[in-house]
Amino acid sequence: MTGLTANAPSTAPRPSEDSGASAWGEVLQETLALTGRLFLQLQRRPTTLVAGVLQPLIWLVLFGALFQEAPEGLLPGGLSYGHFLSAGIIVFTAFSGALNAGLPVMFDREFGFLNRLLVAPLRSRYSIVLASALYITSLSGVQTLAIMGAAAILGNGWPSASGLVVVVMVLLLLVLAVTGLSLGLAFALPGHIELLAVIFVANLPLLFASTALAPLSFMPPWLAWLAALNPLSFAIEPIRAVYNGAPNWSTVVLAAPYGSVTMGACLLVLAGLAGLLFLSIRPLLRRRLG
Amino acid sequence: MGRRRPWGWVAGRHQGFLNKRRRFLPCLKGRPVASWKRPTQREPSPALRILSLDSPTVELLGRPVIRLEGVRKSYGAVQALAGLDLEVPSGCIYGLLGPNGAGKTTALRILCTLLAPDAGQVWLDDIDVLAQPRLARRRLGYVAQDAALDKILSGREMLHLHGALYHLRRDAIRRRVVELAAQLDMDPWLDRPCGAYSGGMRRRLDLATGLLHRPPLLVLDEPTAGLDVESRHALWAVLRQLKGEGATILLSSHHLEEVNALADELAILDQGALIAAGPPSQLKAALGGERITLKLREFTSDEEASQVMALLQQQAGVSQPVVNRAQGNAISFFARDARLVEVLRQQLQDHGLPIFCLSQSQPSLDDVYLQATGRTLMDAELAMAATRDTKAEQKASMR
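Draft legend 1. Expanded view of the overall build of chain B. Of regular secondary structure, chain B possesses 17 helices and 14 strands. Of the contacts made within chain B by residues no fewer than 6 positions apart, 71% connect residues no fewer than 24 positions apart. Of the roughly 15700 Å² of accessible surface on chain B, a fraction of 53% belongs to carbon and sulfur atoms.

Right, here's the structure in full:
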């Protein structure tokens, strides 16, 4: 460290350097800065993005091929397995991406970067959480779009414009709910090893215990019950429905053992879940960030 | 808010410290050797105590900008701060000295709003830090001991990120980063990823981050830990210049040399409590005369050490004798007159006691610490290193 003694940095306060923004303006400024940091990381290390697209793509291609010769009538509405699988893989892509939302926060906690952020006079410390949610939502959006594109190329169709709106709404709600869960875990668990363990344990069982890979009618009753209660099924079925026709809120999309579930009900369940998860992690966030 | 004491700040600065001391009678002379086991005695010597209250240098420094009153903090069963009282005057470099685990980092983290104390009050000027943490954060720049950098971002991007978090205007951030890059000589490498920085570069970037918003108070936790001598001296020069510009700098260190070279005033912490405070020169001078260290043998027995202590306590002009168990029962004391050494040598000979080593030196800050705690800073470091669970501490520091 040489040459530092010529001019020491001035500490004279200069209020004119302050942005002078309103409270909301300050929240926006800090949220954008924190989100920008995450995107810079992604730009320089795009592995997460690539892996997040490759994994579901491999599922789509390999699983699609595995059950390509499935007997007719196995799937409801006489769908081909590729058509059936697309919705499941799209939801799985968004779900996996969102489940990883807590990892950057956990690493920031572990390496002390979070403390560095918390020394700053943030207008709202929730901007740290908001930035993560924005980043993961965008990332999941890009990954899901790539999978939808790949599914279309494989001949599995593309939803109508109004169907696309439903897809976006469903995925947004699912990503918000799972992001909330993952961020909560990131602040509740002691380290990234534990968080990764939870992610690994939750990921595949939730996929298998849903209607992503097989219809309820194909499952033993106990699994059908589980799948019909699995939030992933509430995301998969409306998307599957809009891939096969115009969206209609009152269309029954899930013939669950406990009754029929409409498209509107699925969205309501997802919205309720997202709200519930964010409400339940609030005390934890307040404790850690407050 | 702004609780000004009617009797003036000079008297008030050490009031908490004084009140605490009055509860004890630190009559150091006449204590048996066995009583010099460190944990039973938390008082500074009378000389240190008096000095820390009546320091004329204190009057030259500014009003208190930081006040910690009765701050307590525990991590489970481990008490990190045991009712710490501290006042830091404005416009000075104030050193927090103590071995690792003394509570320095905890105190700084509480001041910087990263930790909530279990009890006590913290004031930054007239801001109640615990009630208005955001206001306090605006007023201080914090350079942590192990500040994390985002390895993927460049130093410039890190500074821009922090500028935004301090709500500076974009053009102001740009100008300020250019200014700091020039002043801290960061230009050649500021656009490289932080992951490629050396320790010195990281420290400079940390300092720039702390200074970005021009805080009137800079808090540095072990700022030169892990730096080479050249980098350390360069950083000291920067800190001195910042002080010259009116900044108040509070730094923690377990390097005696650093605190001695930089601090206008210091507080010595041990086991989470303040044990002495005042300007370094006066803390040292208060010990009185020259420091004499005597070893009868490489490892002196307790009996022989007691014998010497008895001799010393009868000898006029000898003050504050201490048996340092960690150094083989070496006996340290202060002699008002250097000729006392010859008298002592004769007395030891008369009593048939050998001399393995007898040395004279000017009092150092380590002597201040030794006098207050009965062990040297190095011994305290070693003792603490054996008991600390750094992994658990790291977990505890995670939000």
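So, next bit.
Draft legend 2. Highlighting the nonpolar core. Within the largest apolar cluster, 161 residues are counted, with the highest numbers of intra-cluster contacts made by Leu207 and Leu239 of chain B. With twelve residues, helix 3 (residues 81–99) of chain A is the single largest residue contributor to this core. Setting aside anything within four residues of it in sequence, one finds Leu239 of chain B in contact with Ile93, Leu207, Leu218, Leu220, Ile249, Leu251 and Leu262 of chain B. Core analysis: the second largest hydrophobic core is formed by 18 residues, Val318, Ala335, Leu340 and Leu353 of chain B among them.

Draft legend 3. Quick peek at the pairing of strand 3 (residues 93–97) of chain B. Residue and element names in this part refer to chain B. Strand 3 sits mainly inside the fold: five of its five residues count as buried. Here strand 3 shows no split at all, with Ile93, Gly95 and Leu97 on one side and Tyr94 and Leu96 on the other all buried. As paired elements, strand 3 and strand 8 (residues 248–253) share five bridges and run parallel to each other. When the sheet's bridge partners are listed, Leu97 is paired in strand 8 with Ser253.

Draft legend 4. The arrangement of the pattern of salt bridges in detail. Residues and elements named next belong to chain B. Tallied over the full model, the rule gives 27 salt bridges over all chains. Here Arg67 makes a salt bridge to Glu69, at a shortest N to O gap of 3.5 Å. Measuring nitrogen to oxygen at the nearest pair gives 2.6 Å for the salt bridge that ties Arg339 to Asp337.

Draft legend 5. Focus on the sheet that holds strand 13 (residues 330–335) of chain B. Residues and elements named next belong to chain B. A sheet is described by the order of its strands in space; here four strands give the open sequence 12-13-11-14, paired in antiparallel fashion. The outermost strands of the open sheet, each flanked by one partner alone, are strand 12 (318–324) and strand 14 (357–361). Neighbour to neighbour, the strand axes of the sheet diverge by 15° on average, direction disregarded. Of the pairings in the sheet, the one linking strand 11 (residues 290–295) to strand 13 comprises five bridges and is antiparallel in character. Bridging from a neighbouring strand, Glu290 pairs with Ala335 of strand 13. Lying over the sheet, helix 13 (residues 302–314) contacts strand 11, strand 12 and strand 13, oriented at roughly 170° with respect to strand 12.

Draft legend 6. View of the side chain of Arg125 of chain A. Residue placement: Arg125 of chain A occurs in the loop between helix 5 (113–119) and helix 6 (126–153). For the buried Arg125 of chain A, no salt bridge exists, and the shortest N-O distance to an oppositely charged side chain is 8.6 Å, to Glu30 of chain A.

Draft legend 7. View of the packing of helix 3 of chain A against helix 10 (residues 231–243) of chain A. All names here are of chain A. Contact pair helix 3 / helix 10: the axes reach a minimum separation of 8 Å and the direction vectors enclose 135°. Judged by the inter-axis angle, helix 3 sits oblique to helix 10. When the axes of helix 3 and helix 10 are compared, the crossing they make is right-handed. Note on element contacts: helix 10 touches helix 3 through Leu232, Ala235, Ile236, Ile239, Arg240 and Tyr243, opposite Phe84, Ala87, Gly88, Ile90, Val91 and Phe95. Looking at the contact of helix 3 with helix 10, its residues break down into ten nonpolar, one polar and one charged.

Draft legend 8. Layout of the packing of aromatic side chains. Residue and element names in this part refer to chain A. On inspection of all chains with the given rule, the structure shows ten aromatic pairs over all chains. A ring pair is formed by Trp59 and Phe208, whose centres lie 6.2 Å apart and whose planes are at 50°; its orientation type is tilted. You can see Trp59 sitting in helix 2 (residues 47–66) and its partner Phe208 sitting in helix 8 (residues 192–208), a full 149 residues away along the chain. Overall, the relative accessible area of 44% leaves Phe208 in the partly exposed class. A centroid spacing of 5.7 Å and a plane angle of 40° characterise the contact between Phe63 and Phe67, whose relative ring orientation is tilted. Taking relative accessible area as the criterion, Phe63 reaches 19% and is therefore assigned buried. On the basis of relative accessible area, Phe67 is assigned to the partly exposed category, the value being 35%. Chaining the aromatic ring pairs together yields one cluster made of Trp59, Phe63, Phe67, Tyr81, Phe84, Phe92 and Phe208. Over the aromatic face of Phe84 sits the side chain of Arg240, whose NZ or CZ is 3.5 Å from the ring centroid.

Draft legend 9. Main features of the sheet that holds strand 8 of chain B. Residues and elements named next belong to chain B. On the basis of which strands lie adjacent, the open sheet formed by six strands has the order 6-7-8-3-9-10 and mixed pairing. Each edge of the sheet is formed by a strand with only one pairing partner; in this case those strands are strand 6 (140–143) and strand 10 (273–278). On average, each strand axis in the sheet is tilted by 15° relative to the strand beside it, whichever way the strands run. One ladder, built from four bridges, connects strand 6 with strand 7 (residues 217–221); its direction is parallel. When the bridges of strand 7 are listed, Val143 appears paired with Leu220. Relative to the sheet, helix 9 (residues 199–211) contacts strand 6 and strand 7, its axis offset from that of strand 6 by approximately 165°. Across the sheet, helix 10 (residues 229–244) touches strand 3, strand 7 and strand 8, and the angle it forms with strand 8 is around 150°.

Draft legend 10. Representation of unusual backbone geometry in the model. Residue and element names in this part refer to chain B. In the Ramachandran plot, Arg214 falls in the positive-phi region, its phi being about 50° despite a non-glycine side chain. Topologically, Arg214 is positioned in the loop between helix 9 and strand 7. For Gln320, which is not a glycine, the phi torsion comes out positive at approximately 50°. With respect to the helices and strands, Gln320 occurs in strand 12. A residue is classified by how much of its surface remains accessible, and Gln320, at 9% relative accessible area, is buried.

Draft legend 11. Up close: the environment of Leu81 of chain B. All names here are of chain B. Tracing the chain through its elements places Leu81 in strand 2 (residues 78–89). By relative accessible area, Leu81 is classed as buried at 0%. Once the C-alpha coordinates of Leu81 and Val71 are considered, the two residues, ten residues apart in sequence, prove to be 6.6 Å apart.

Draft legend 12. Summary view of a nonpolar patch on the surface. Residues and elements named next belong to chain A. Residues Val50, Leu54, Ile58, Val61, Leu62 and Leu154 make up a contiguous nonpolar surface patch of roughly 530 Å² in combined accessible area. You can see Val50 is positioned in helix 2. For Val50, a relative accessible area of 44% gives the class partly exposed.

Draft legend 13. Structural context of the pairing of strand 12 of chain B. Residue and element names in this part refer to chain B. Among the seven residues in strand 12, six count as buried, and that is most of the element. Examined bridge by bridge, strand 12 and strand 13 share five bridges and lie antiparallel to one another. Paired with Val322 across the bridge in strand 13 is Ser332.

Draft legend 14. Focus on helix 14 (residues 340–350) of chain B. Residue and element names in this part refer to chain B. Looking only at helix 14, the buried set comprises Leu340, Val341, Leu344 and Leu348. An end-on view of helix 14 places all buried positions within 100° of arc, on one side of the element. What points out from helix 14, more than 90 degrees from its buried face, is the exposed set Gln349 and Asp350. Those residues of helix 14 that are buried are in contact with strand 11, helix 13, strand 12, strand 13 and strand 14.

Calculation criteria
Residues numbered from 1 in each chain as written. Chains lettered and ligands numbered in written order. Predicted model: local features only at pLDDT ≥ 70, side-chain atom pairs only at ≥ 80, totals over all residues. Heavy atoms only, no water. Helix = DSSP H or I, 4+ residues; strand = E, 2+ residues; numbered from the N terminus. Contact = heavy atoms within 4.5 Å. Areas by Shrake-Rupley, 256 points an atom, 1.4 Å probe, with all protein chains shown as cover. Core = buried A, V, L, I, M, F, W, Y, C linked by side-chain atoms within 4.5 Å. Buried < 20%, exposed > 50% of the residue type's maximum accessible area, 1.4 Å probe, protein only. Pairing = 2+ DSSP bridges. Salt bridge = Lys/Arg side-chain N within 4 Å of Asp/Glu carboxyl O. Axes fitted to C-alpha atoms, helices over the stretch in contact; angles between N-to-C directions. Lys, Arg positive; Asp, Glu negative; His and termini not counted. Parallel < 35°, antiparallel > 145°, perpendicular 65-115°, else oblique. Left-handed = near helix turned anticlockwise from the far one by under 90°. Nonpolar A, V, L, I, M, F, W, Y, C, P; charged D, E, K, R; others polar. Phe/Tyr/Trp six-rings, centres within 6.5 Å; stacked < 30°, edge-to-face > 60°. Lys NZ or Arg CZ within 6 Å of the ring centre and 35° of its normal. Patch = residues over 30% accessible without salt bridge, like charges linked within 9 Å, V, L, I, M, F, W, Y side chains within 5 Å. Arc of directions from axis to C-beta.

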